[in-house]
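Tertiary structure, described
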Amino acid sequence: MEVVDSERVRACFDGGRPDIAALWELCVHFEWPDRAAVVDGIASWLGPPDGLSVLDLACGTGFPAIELAARGYDMTCSDGSDLMLGHFRANAARAGSALDAAQVLWHDLGEFYGRTFDVVMCRGGGSYLYAGTWDKDAEPDPAALGEAIGRFAAMVRPGGRLYLDIMHADDLARREPARTEHPPVSIGGRVVRLSETTVNHIESRTRTWRSTLVVDGTAYEFERRSHHMDHAALVEMLTGASLTDVRPEAIPGEHYQVFTARRPEL
């Protein structure tokens, strides 16, 4: 059995009921096992850090923003979830980083920052697909998704770039439930198992992610609903937000399909 020695992951299972951020840290462990390779891949796409301003507007618990900041990138971080931000700040402190993150809802981005950025990022398995749904059991509203993408585009300076990811096309086209049973791991002396089931509701354009964490025999259930959107619809939405050069990118280390786009120069 693998022993997980990541301090970030261990801290999530130190005691008490694991929360959604603990689930996310374990998903990161399984989906991006070589974090350095991911950061290398993103940094190669970003280019040299000198003078480059980057907004990570779904920073979650801090990966890879903390690592990019350590490499000299001017990172600005935000997330809508207070719970995720608590883990972000603890992870930054563990890394000896002064990087902080603000709690900002996507529709407030422009007012909160009052500026635009060279690069805007939203990655981590299509975080934007949870627009309007992540912290509340709400039916996914297509208007919320369209608004989110429009806000992202508005935060990119003229000539700047957008970086986001989405599930692979085969996964999005699947009509039967997809179940993943991860191998058990040892975390801080506890045996932890994770199983995940995703269901595409293609007709209603929604998706359900159900997860079960079992810690020393005690099960904890999580469920999140999101929007369902295929790659063609994503490209259409990005171009509809006045972005150009929309394209899939092969970024070494990334688990999901990355798409990038550019805001035209004035």
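So, a few notes on the structure that sits alongside this text. All of these numbers come straight from a predicted model, not from anything done at the bench. (Residues numbered from 1 in each chain as written. Predicted model: local features only at pLDDT ≥ 70, side-chain atom pairs only at ≥ 80, totals over all residues. Heavy atoms only, no water.)

When you go through the chain residue by residue, the secondary structure sums to nine helices and 13 strands. The C-alpha radius of gyration computed for the chain amounts to 18 Å, which stays within 12% of the reference 18 Å derived for 266 residues, consistent with globular compactness. Taken along the three principal axes of its C-alpha coordinates, the chain extends 60 × 45 × 30 Å. By residue count, 52% of the 266 residues in the chain fall in the buried class. Looking at the chain, you have 26 positive and 40 negative side-chain charges, and the mean spots of the two groups are 1 Å apart. (Helix = DSSP H or I, 4+ residues; strand = E, 2+ residues; numbered from the N terminus. Rg over C-alpha atoms; globule rule 2.2 N^0.38 Å. Buried < 20%, exposed > 50% of the residue type's maximum accessible area, 1.4 Å probe, protein only. Lys, Arg positive; Asp, Glu negative; His and termini not counted. Charge placed at Lys NZ, Arg CZ, Asp CG, Glu CD.)

Here Met155 lies in the loop between α7 (142-154) and β6 (156-166). Taking the relative accessible area as the measure of exposure, Met155 reaches 3% and is therefore buried. For the pair Met155 and Asp216, spaced 61 residues apart in sequence, the C-alpha to C-alpha distance is 44 Å. With near-sequence residues (within four places) excluded, Met155 lies in contact with Leu55, Leu109, Gly110, Tyr113, Arg115, Thr116, Phe117 and Val120. (Contact = heavy atoms within 4.5 Å.)

It is worth spelling out the sheet that holds strand β2 (residues 53-56) at this point. The mixed open sheet is built from seven strands, whose spatial order is β4-β3-β2-β5-β6-β13-β12. Of all strands in the sheet, those bounded by a partner on one side alone are β4 (101-103) and β12 (244-249). Each strand of the sheet is rotated relative to its neighbour by a mean of 20°, with strand direction disregarded. As paired elements, β6 and strand β13 (residues 257-262) share six bridges and run antiparallel to each other. In the sheet register, Asp165 faces β13, and the bridge partner there is Val258. Seen against the sheet, helix α3 (residues 35-46) touches β2, β5 (117-122), β6, β12 and β13 and runs at an angle of roughly 155° to β6. Helix-sheet contacts for α7 involve β5 and β6, and the interaxial angle to β6 is about 140°. (Pairing = 2+ DSSP bridges. Axes fitted to C-alpha atoms, helices over the stretch in contact; angles between N-to-C directions.)

With that settled, consider the layout of surface pockets. In this model, the largest pocket occupies a volume close to 1200 Å³. Per element, the largest residue contribution to the lining of the largest pocket is four residues, and it comes from α7. In terms of residue class, the lining of the largest pocket is made up of 19 nonpolar, 14 polar and 13 charged. Volume-wise, the second largest pocket comes out at about 270 Å³. Around the second largest pocket, the lining residues are Pro142, Leu145, Ile202, Arg205, His227, His228, Met229, Asp230, Ala233 and Met237. (1 Å grid on protein atoms, 1.4 Å probe; cavity = no way out; pocket = protein on both sides within 12 Å on 5 of 7 lines; lining within 4 Å. Points joined across faces, edges and corners; volume = space filled by probe spheres on them. Nonpolar A, V, L, I, M, F, W, Y, C, P; charged D, E, K, R; others polar.)

Here Thr198 is to be found in strand β9 (residues 190-201). Setting aside its immediate chain neighbours within four residues, Thr198 contacts Pro177, Ala178, Arg207, Thr208 and Trp209.

In this section: the environment of Leu83. Within the element layout of this structure, Leu83 appears in helix α5 (residues 82-94). Classification of Leu83 by relative accessible area gives partly exposed; the value is 35%. Spatially, the C-alpha atom of Leu83 lies 24 Å from that of Ser186, the residues being 103 residues apart in sequence. The contact partners of Leu83, leaving out residues within four places of it in the chain, are Asp19, Ile20 and Ala21.

This part covers the packing of helix α2 (residues 20-31) against α5. The interhelical angle for the contact between α2 and α5, taken along N-to-C directions, is 55°, at an axis separation of 9 Å. Looking at the two axes, α2 sits oblique to α5. Of the residues in α5, those touching α2 at Ile20, Ala21, Trp24 and Glu25 are Leu83, Met84, His87 and Asn91. (Parallel < 35°, antiparallel > 145°, perpendicular 65-115°, else oblique.)

This next bit is on the environment of Phe112. Mapped onto the elements of the fold, Phe112 is located in helix α6 (residues 109-113). Discounting residues that sit within four places of it in the chain, Phe112 has contacts with Ala102 and Val104.

With that settled, the discussion passes to the pattern of salt bridges. With the rule as written, the count across this model stands at 13 salt bridges. Notably, a salt bridge pairs Arg174 with Asp171, separated by 3.7 Å at the nearest N-O pair. Ionic contacts of the salt-bridge type, sharing partners, join the residues Asp171, Arg174 and Glu176 into one network. (Salt bridge = Lys/Arg side-chain N within 4 Å of Asp/Glu carboxyl O.)

Another aspect to go through is the pairing of β5. Walk down a regular strand and you will see the side chains alternate between the two sheet faces. The element β5 is largely enclosed, with a buried count of six among its six residues. Bridge count between β2 and β5: three bridges; the pairing is parallel. Bridging from a neighbouring strand, Leu55 pairs with Val120 of β5.

Treat this as a map of the structure, not an account of what it does.
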